[in-house]
Amino acid sequence: MNTSLLEYRIAGLQRRLAEDGTAELGIRVEARSGLVLVHGTVPSTACRDELLEVIAAELDGLPVRTDIALVEALAPDHPEVLS
Amino acid sequence: MTAPESAAGAAADTGAGTAVRIAAVGDIHMGEESRGLLRPAYETLSGCADVLLLAGDLTRHGTADEARVVADEIAGLPVPVVAVLGNHDHHGDRPDEIAAILRASGAAVLEGTSTVVQAGPYRLGIAGSKGFGGGFAGRCGSDFGEAEMKSFIRYSRRLADGLRDALTEVADCDVRVALTHFSPVADTLAGEPPEIYPFLGSYLLAEAVDDAGADLAVHGHAHAGTERGMTGGGVLVRNVAQPVIRRAFAVYELHPRAARQAAPA
């Protein structure tokens with residue numbers, strides 16, 4: 001695997017996530033030993049599906065692991081009392 | 001969904017009338033696909049908060065359609081809603097239209113401005129600005145060089161000055177909160193790559209908060225950051241980006257200065 005090529009492909013994915021409609025600037029893309037890890041939190045299952053499609057297209061041919069969580073939409077069970 | 005009701009029940013009545021209870025969340029990034037997602041939790045606010053603060057990035061792409069989803073989500077809530085916009089809300093180059101849609105739903109949308117909310121016997125002053133980047137003291141950009149660089153820093157400074165002026169407007173309130181999208185401190189960015197800190201906030205915001213005074217500074221923007229921090233002058237900072245707080249909103253109870261001073265040592 002050409003290291004510089006991998007670096008540019010990761011940068012390309014992050015650029016596309018920000019600029020090409022998915023608007024996912026909070027997603028991290030990192031080269032780990034032997035694979036690319038994509039992780040973060042998105043607001044809906046539709047956003048996650050869209051994200052996974054882009055990742056598959058941009059990183060085609062590379063070993064990829066994804067860890068994409070959904071935001072939690074429950075009310076809190078207690079306040080924080082500030083002093 | 002039943003969990004929000006039971007969760008709010010646990011928080012209900014704590015601090016009501018004796019503290020100012022501030023619910024806050026940022027970075028909800030709503031679009032048509034997330035319509036209705038937060039409403040069940042928001043409808044529990046009357047039991048646990050006096051106000052809901054929205055710390056920017058309310059939409060995904062800054063479109064009017066997305067803003068209408070947010071407007072529907074917050075319309076008619078049992079507590080006042082106060083918002084600032086974020087960078088996503090500017091992406092469609094129509095922030096004024098986004099703000100107008102939110103205002104039509106009853107929200108106050110701040111940018112270098114302030115509003116006062118009655119919280120039981122207390123007056124809560126909220127000063128807001130989106131804020132901008134530039135970095136933190138000793139590791140920040142300067143108003144020097146290319147026109148684009150000067151423009152970047154001057155914009156950040158102008159918004160921080162607006163926050164300072166807005167906080168001064170509400171100096172007579174019992175409790176004051178600074179509401180921004182970008183972070184005033186590096187503390188709450190821990191977890192983000194340090195290389196991108198200058199794109200996540202500016203010390204100019206913290207300087208404005210410390211100059212004018214506040215009881216709490218609330219921001220969003222840093223999804224991988226941490227919740228808790230403090231300005232150099234000792235003002236508590238909370239990063240309420242939804243991926244950070246992992247709830248529909250967080251609630252902070254503040255005891256007004258007069259009540260604190262009257263309390264026995």
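Residues numbered from 1 in each chain as written. Chains lettered and ligands numbered in written order. Predicted model: local features only at pLDDT ≥ 70, side-chain atom pairs only at ≥ 80, totals over all residues.

Regarding the overall build of chain A
Operational definition: Strands are runs of DSSP state E lasting at least 2 residues, helices are runs of H or I lasting at least 4, and numbering of each runs from the N terminus. Every radius of gyration here is taken over C-alpha atoms, with the globule rule written as 2.2 Å times N^0.38, N being the number of residues. Three exposure classes are used, based on other C-beta atoms lying within 10 Å of a residue's own C-beta, which is placed from the backbone: buried for 20 or more, exposed for 12 or fewer, and partly exposed in between. A residue pair is marked as a contact if its C-beta atoms, positioned from the backbone, fall within 7 Å.
Within chain A, the secondary structure is distributed over two helices and four strands. In sequence order, the secondary structure elements of chain A are arranged as α-β-β-α-β-β. Computed over C-alpha atoms, the radius of gyration of chain A comes to 16 Å, more than 25% over the 12 Å expected from 2.2 N^0.38 for 83 residues, which places it beyond the range of a compact globule. Seen through its C-alpha atoms, chain A measures out along the principal axes to roughly 55 × 25 × 20 Å. A burial count over chain A gives 28% of its 83 residues as buried. If you take every contact in chain A between residues at least 6 apart in sequence, the share linking residues at least 24 apart comes to 56%.

Observations regarding the overall build of chain B
Each helix and strand counted, chain B has nine helices and 13 strands in total. Along the first, second and third principal axes, the C-alpha atoms of chain B reach 55 × 50 × 30 Å. The burial tally for chain B puts 57% of its 265 residues in the buried class. Long-range pairs, those at least 24 residues apart, make up 77% of the contacts in chain B between residues at least 6 apart in sequence.

Observations regarding the sheet that holds strand E1 (residues 20-25) of chain B
Basically, it comes down to this: In this analysis, strands are considered paired if DSSP registers two or more bridges between them.
Across the sheet, which stays open at both edges, the six strands sit in the order E4(A)-E13(B)-E1(B)-E2(B)-E3(B)-E4(B) with mixed pairing between neighbours. Looking at the sheet topology across the chains shown, the edges are occupied by strand E4 (80-82) of chain A together with strand E4 (108-109) of chain B. Of the pairings in the sheet, the one linking E4 of chain A to strand E13 (residues 250-254) of chain B comprises three bridges and is parallel in character. Considered in E13 of chain B, the bridge of Leu-82 of chain A is made with Leu-254 of chain B.

A look at the packing of helix H6 (residues 147-169) of chain B against helix H7 (residues 203-212) of chain B
Residue and element names in this part refer to chain B. The cut-off we apply is this: Angular values range over 0 to 180 degrees, each being the angle between N-to-C directions of two axes fitted as lines to C-alpha atoms, with helices fitted over their stretch in contact. Roughly parallel means an angle under 35 degrees; roughly antiparallel, over 145; roughly perpendicular, 65 to 115; everything else is oblique. Handedness of a crossing follows from how the near helix is turned relative to the far one, being left-handed for an anticlockwise turn of less than a right angle and right-handed for a clockwise one. Polarity classes work like this: nonpolar for Ala, Val, Leu, Ile, Met, Phe, Trp, Tyr, Cys and Pro, charged for Asp, Glu, Lys and Arg, and polar for all others, with Gly in that last group.
Running from N to C, H6 and H7 point in directions that differ by 20°, and their axes come no closer than 9 Å. By the criterion of interaxial angle, the relationship of H6 to H7 is roughly parallel. In this structure, the crossing between H6 and H7 has a hand that is right-handed. Every residue of H7 that contacts H6 at Ser-156, Arg-157, Ala-160, Asp-161, Leu-163, Arg-164, Leu-167 and Thr-168 is listed here: Leu-204, Leu-205, Glu-207, Ala-208, Val-209, Asp-211 and Ala-212. Grouping the constituent residues of the contact of H6 with H7 by class yields eight nonpolar, two polar and five charged.

Concerning the interface of chain B and chain A
Every contact between the two is made by 38 residues of chain B and, on the other side, 21 residues of chain A. Taken together, the elements giving at least two residues each to the side of chain B that touches chain A come down to helix H1 (3-11), helix H8 (242-245) and E13 of chain B. Per element, the largest residue contribution to the side of chain B that touches chain A is six residues, and it comes from H1 of chain B. In terms of residue class, the side of chain B that touches chain A is built from 22 nonpolar, ten polar and six charged.

Overview of the pairing of E1 of chain B
Residue and element names in this part refer to chain B. The buried fraction of E1 is high, at six of six residues. Judged by which residues are buried, E1 turns out to be covered on both faces: Val-20, Ile-22 and Ala-24 on one side and Arg-21, Ala-23 and Val-25 on the other are all buried. Here E1 pairs with E13 via five bridges, running antiparallel. Pairing of Val-20 across the sheet is with Leu-254, part of E13. For E1 and strand E2 (residues 51-55), the ladder comprises four bridges, and the chain directions are parallel.

Here we look at the sheet that holds strand E10 (residues 216-219) of chain B
As a general point, the strands of a sheet are linked pairwise by backbone hydrogen bonds and lie either parallel or antiparallel. Residues and elements named next belong to chain B. Taken together, six strands build an open sheet; the order of strands is E5-E6-E9-E10-E12-E11 and the sheet is mixed. Either end of the sheet is taken by a strand with one partner, and the two such strands are strand E5 (113-119) and strand E11 (228-230). This sheet shows a mean twist of 25° between the axes of neighbouring strands, independent of strand direction. In terms of strand pairing, E5 meets strand E6 (residues 122-129) through seven bridges, oriented antiparallel. Across the sheet, Ser-114 pairs through a bridge with Ala-127, a residue of E6.

Some words on the nonpolar core
Condition: To count as a nonpolar core, a set of buried Ala, Val, Leu, Ile, Met, Phe, Trp, Tyr and Cys residues must be joined through C-beta atoms within 7 Å.
Ranked by size, the top nonpolar core spans 91 residues in total, and within it Ile-22, Ala-23, Ala-24, Leu-52, Leu-53 and Leu-179 of chain B carry the most contacts. The leading source of residues in this core is H7 of chain B, at six residues. The residues touching Ala-23 of chain B, leaving out its near neighbours within four places in the chain, are Leu-45, Cys-48, Ala-49, Val-51, Leu-52, Leu-53, Phe-249 and Val-251 of chain B. Among the nonpolar cores identified, the runner-up in size contains eight residues, and Leu-13, Ile-27, Val-29 and Leu-59 of chain A belong to it.

Here we look at the confidence of the model for chain B
Residues and elements named next belong to chain B. The condition is simple: As a per-residue measure, pLDDT tells how confident the predictor is, with possible values from 0 to 100.
Looking at chain B, the pLDDT average stands at 92 and 91% of residues meet or exceed 70. pLDDT under 50 marks residues 1-12. Its contacts with residues more than four places away, or in other chains, come to 28 contacts. Interface confidence for the predicted complex, given as ipTM, is 0.88, next to a pTM of 0.92.

Focus: the packing of helix H3 (residues 64-74) of chain B against helix H5 (residues 95-104) of chain B
Helices that pack against each other are described as a pair by the angle of their axes relative to one another and the distance between those axes. All names here are of chain B. It is the contact of H3 with H5, at a shortest axis distance of 9 Å, that shows an interaxial angle of 25°. Relative to H5, the element H3 is oriented roughly parallel. Pair H3 / H5 crosses with right-handed handedness. Residues Ala-64, Ala-67, Arg-68, Val-70 and Ala-71 of H3 pack against Glu-97, Ile-98, Ile-101, Leu-102 and Ala-104 of H5. By residue class, the composition of the contact of H3 with H5 is eight nonpolar, no polar and two charged.

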